[in-house]
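Examination of the molecular architecture
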Amino acid sequence: MGEDMEKGWDISQAMIESNRCLLCYDPPCSKGCPAGTEPAIFIRKLRMKNITGAIRAIKERNILGGVCGAICPTSLLCEKECVAANFDRPIRIGKIQRALVEHSWKIGFYPLSKYYENKKDNLGKKDKIKVAIVGGGPAGISCAYELAKFGISVTIFEEHEKIGGALRYLIPSHRLSNDFIERETSELASMGIEIKCSKKIKRDDLKSLFEKGYVAVFLAPGLWKGVRLENRAVKGVYSAHDFLYSLKEKPQKMKKIVYGKKVGVIGGGAVALDCAEACLIHGAKDVYLIYRRSFGQMLSEENERICALRKGVHFLMLNQPTGYLLDENGKLAKIKLCRTELGKEDKSGRRAPVEVKGSDWELEVDLAIEAIGSQVDDDVKEIHPDIKFEKNLIVVNKRKETSANSIFAGGDITRGPGLVAEAIRDGKEAARNILEEIKKSECEEKVVLASVSPRRC
Ligand code: SF4
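Predicted model only: the values in this text are computed from it and were never measured.

Geometrically, a pair of aromatic rings is defined through the distance of the ring centres and the angle of the planes. If you walk through the whole model with that rule in mind, you get 6 aromatic pairs. Ring centres of tryptophan 105 and phenylalanine 180 lie 4.8 Å apart, and the angle between their planes is 75°; on these two criteria the pair is classed as edge-to-face. With tryptophan 105 in helix H7 (residues 93-106) and phenylalanine 180 in helix H11 (residues 178-184), this pair connects stretches of sequence that are 75 residues apart. Each of the two residues, tryptophan 105 as well as phenylalanine 180, counts as buried. When the ring of tyrosine 238 is compared with that of phenylalanine 243, the centres are 6.2 Å apart and the planes differ by 70°; the resulting orientation is edge-to-face. Aromatic rings pair up to connect Tyr169, Trp224 and Tyr245 into one cluster. Note that lysine 130 overlies the ring of tyrosine 214, its terminal NZ or CZ placed 4.5 Å from the centroid. When the ring centre of phenylalanine 295 is taken as reference, the NZ or CZ atom of arginine 305 above it lies at 5.2 Å.

Right, let's talk about the sheet that holds strand S1 (residues 130-134) for a bit. Here we have 5 strands laid out as an open sheet, ordered S3-S2-S1-S4-S18, and parallel in their pairing. Edge positions in the sheet fall to strand S3 (194-196) and strand S18 (407-409), since each has one partner strand and no second. Neighbour to neighbour, the strand axes of the sheet diverge by 20° on average, direction disregarded. Across the sheet, helix H9 (residues 138-148) is in contact with S1, strand S2 (153-157) and strand S4 (214-219); its angle to S1 comes to roughly 165°. Its contacts with the sheet place helix H13 (residues 203-211) against S1, S2, S4 and S18, and it is angled at close to 145° to S4.

As a further point, take the pairing of strand S14 (residues 367-370). The two faces of S14 match: Leu367 and Ile369 on one face and Ala368 and Glu370 on the other face are all buried. Across 3 bridges, the pairing between strand S6 (residues 237-239) and S14 is parallel. Considered in S14, the bridge of tyrosine 238 is made with isoleucine 369. As defined by bridge partners, strand S7 (residues 262-266) adjoins S14 across 4 bridges and the pair is classed as parallel. Looking across to S14, one finds that valine 263 is bridged to leucine 367.

On to the pattern of salt bridges. Pairs can form between side chains of opposite charge whenever their charged atoms are close. Counting across every chain of the model gives 34 salt bridges. The salt bridge involving arginine 168 is made with glutamate 182; its shortest N-O contact spans 2.9 Å. Highlighted residues: arginine 168 in helix H10 (residues 166-169) and glutamate 182 in helix H11, separated in sequence by 14 residues. Here arginine 168 falls in the buried class, since its relative accessible area comes to 5%. Under the relative-accessibility criterion, glutamate 182 is labelled partly exposed at 32%. As a salt-bridge pair, lysine 381 and aspartate 378 come within 3.7 Å of each other at their nearest N and O atoms. Here aspartate 378 and lysine 381 lie together in helix H18 (residues 378-381), a separation of 3 residues that amounts to about one turn. Assessed through its relative accessible area of 33%, lysine 381 is described here as partly exposed. Three or more residues are tied together by salt bridges with common partners; here these are Lys400, Asp412, Arg415, Glu422, Asp426 and Glu429.

A separate point is the site of the ligand. Around the ligand, the neighbouring residues are Cys21, Leu22, Cys24, Pro27, Pro28, Cys29, Ile43, Cys82, Val83 and Ile91. A breakdown of the residues in the shell around the ligand according to their chemical character gives 10 nonpolar, no polar and no charged.

Moving on, we get to the packing of helix H3 (residues 39-47) against helix H4 (residues 51-61). It is at 7 Å that the axes of H3 and H4 come closest, and there the two elements cross at 170°. By the angle between their directions, the pair H3 and H4 is classed as roughly antiparallel. Residues Ile41, Phe42, Lys45 and Leu46 of H3 form the contact with H4, whose own contacting residues are Ile51, Gly53, Ala54, Ala57, Ile58 and Arg61. Among the residues making up the contact of H3 with H4, the classes are represented as 7 nonpolar, 1 polar and 2 charged.

Once that is clear, we can look at empty space enclosed by the protein. Scanning all chains against the criterion turns up 2 cavities of 30 Å³ or more. Lining the largest cavity are 15 residues; nearest its centre among them are Cys33, Cys72, Thr74, Cys78 and Gln97. Elements with a contribution of two residues or more to the lining of the largest cavity: helix H5 (65-71) and H7. Considered class by class, the residues forming the lining of the largest cavity number 9 nonpolar, 6 polar and no charged.

The 5 strands lie next to each other as S6-S14-S7-S8-S9, forming an open sheet whose pairing is parallel. Edge strands, defined here as strands with exactly one partner in the open sheet, are S6 and strand S9 (314-316). Neighbour-to-neighbour, the strand axes of the sheet open up by a mean angle of 20°, direction not taken into account. Lying over the sheet, helix H16 (residues 270-281) contacts S7, strand S8 (286-290), S9 and S14, oriented at roughly 170° with respect to S8.

Time to look at helix H15 (residues 251-258). For H15, every residue scored as buried is listed here: Met254, Lys255 and Val258. What you see down the axis of H15 is that its buried residues fit within an arc of 105°, all on one side. Along H15, the residues that are exposed and aim more than 90 degrees away from the buried face are Gln252 and Lys256. Looking at the residues trailing H15, positive phi occurs at glycine 260, about 75°.

Before going further, it helps to examine the layout of surface pockets. Taken as a whole, the second largest pocket holds about 790 Å³ of empty space. Lining the second largest pocket are 31 residues, with Arg92, Lys95, Glu301, Asn303 and Glu304 sitting closest to its centre. Of all elements in the fold, only H5, helix H6 (78-81), H7, H16 and helix H17 (302-311) reach the threshold of two or more residues within the lining of the second largest pocket. If one sorts the elements of the lining of the second largest pocket by residue count, H17 sits on top with 6 residues. Tallied by class, residues from the lining of the second largest pocket come to 9 nonpolar, 7 polar and 15 charged. Two domains each donate at least three residues to the lining of the second largest pocket, and these are domain 1 (11-109) and domain 3 (228-372).

Definitions and limits used
- Residues numbered from 1 in each chain as written.
- Predicted model: local features only at pLDDT ≥ 70, side-chain atom pairs only at ≥ 80, totals over all residues.
- Heavy atoms only, no water.
- Phe/Tyr/Trp six-rings, centres within 6.5 Å; stacked < 30°, edge-to-face > 60°.
- Helix = DSSP H or I, 4+ residues; strand = E, 2+ residues; numbered from the N terminus.
- Buried < 20%, exposed > 50% of the residue type's maximum accessible area, 1.4 Å probe, protein only.
- Lys NZ or Arg CZ within 6 Å of the ring centre and 35° of its normal.
- Pairing = 2+ DSSP bridges.
- Axes fitted to C-alpha atoms, helices over the stretch in contact; angles between N-to-C directions.
- Contact = heavy atoms within 4.5 Å.
- Salt bridge = Lys/Arg side-chain N within 4 Å of Asp/Glu carboxyl O.
- Near = heavy atom within 4 Å.
- Nonpolar A, V, L, I, M, F, W, Y, C, P; charged D, E, K, R; others polar.
- Parallel < 35°, antiparallel > 145°, perpendicular 65-115°, else oblique.
- 1 Å grid on protein atoms, 1.4 Å probe; cavity = no way out; pocket = protein on both sides within 12 Å on 5 of 7 lines; lining within 4 Å.
- Points joined across faces, edges and corners; volume = space filled by probe spheres on them.
- Arc of directions from axis to C-beta.
- Domains from an automatic or database assignment.

Next comes the structure, spelled out in structure tokens:
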């Protein structure tokens, strides 16, 4: 098991799989994709041996189609809806999608940049309408792409050194490499999208963006602060955010910290699994995944859980962490736990874990990683006085409008940690509504928005 990104399918495997597709009328798989990638369209094209048409069909609908193919929990989305499962097994949509996008890089086929490069002059009076995107994660990238299609002059302001957001900084390399993200987003610049990295937008900056002529702002800064078990810093205890970020930015240092250690990862979602597998890859002696609910209740794909089990992660289900015990040097020595059992259903529709009295015990560990949720950074809460927050998230209406004029928002900052496909959908919806606002405004008289789509095959 290496730290390199796990290999995807090649194009011939994808073609063979596409032959299993039933070419459904009104295909349910397309309805199962939150990002609107419409898998039935590219699978049909591939089945007809139209490879470039299939690639174009993906990228036209989803600028991050390759990333989604690689990391989306497809068994819970498009593949869950696939009719072929009634006869045999679902079509491996994610595998096909990733294979097509990777094949496009192999053959040097970049459908968007080539097309938009040639069409720049026809994209309306681009310099006249400017929209600012705050945050270069999946929601921001998706919104920028959808606006650029209509000739809007888009600038992405990203506080980190590179765009990609959580995809780049919080997903370990064995699942998604930086090189993959670079290739996937390489067409943005050639579409005229300006990207300003290492640029954090603060409260006064938003106001000055409007003064500089931006007519709307889309806020998608993400959630970069981990929820913590205890309100104290303990040597040897990391939030999943800090751990994964450091692993991507300072891999050698983190490898030394993890190598040969006993690690407890707290949480039951995909992030917890990512942390656990990354620890094993970097030579941890034992990795315990500690979750207060049952195996079946974990919020991650079943095959990923089984995969982690096979790789050697020890699953400690129905165990609730209650605190830490430190050694004489103030370093983590043990995680305090108590056993749980499942009681009545809670709001999530799952049976809630209930602590079993007198079942306390201690697990000896060297490191603990808390993957128990994300929350908003304090400075984001002050980004604009008119933006309303509820439960630490930005309140938006169905149109993705915040309570401040001409400021839209989407991604995790509006609904808590979600899927990359949901963030892409948010970006698309916000772009659609920003365009509607622009059309309604006085700009409408001065500028004709040109809708341009890549040539269809
Ligand atoms: S639901 Fe499955 S079988 Fe039907 S079109 Fe989609 S991928 Fe093909």
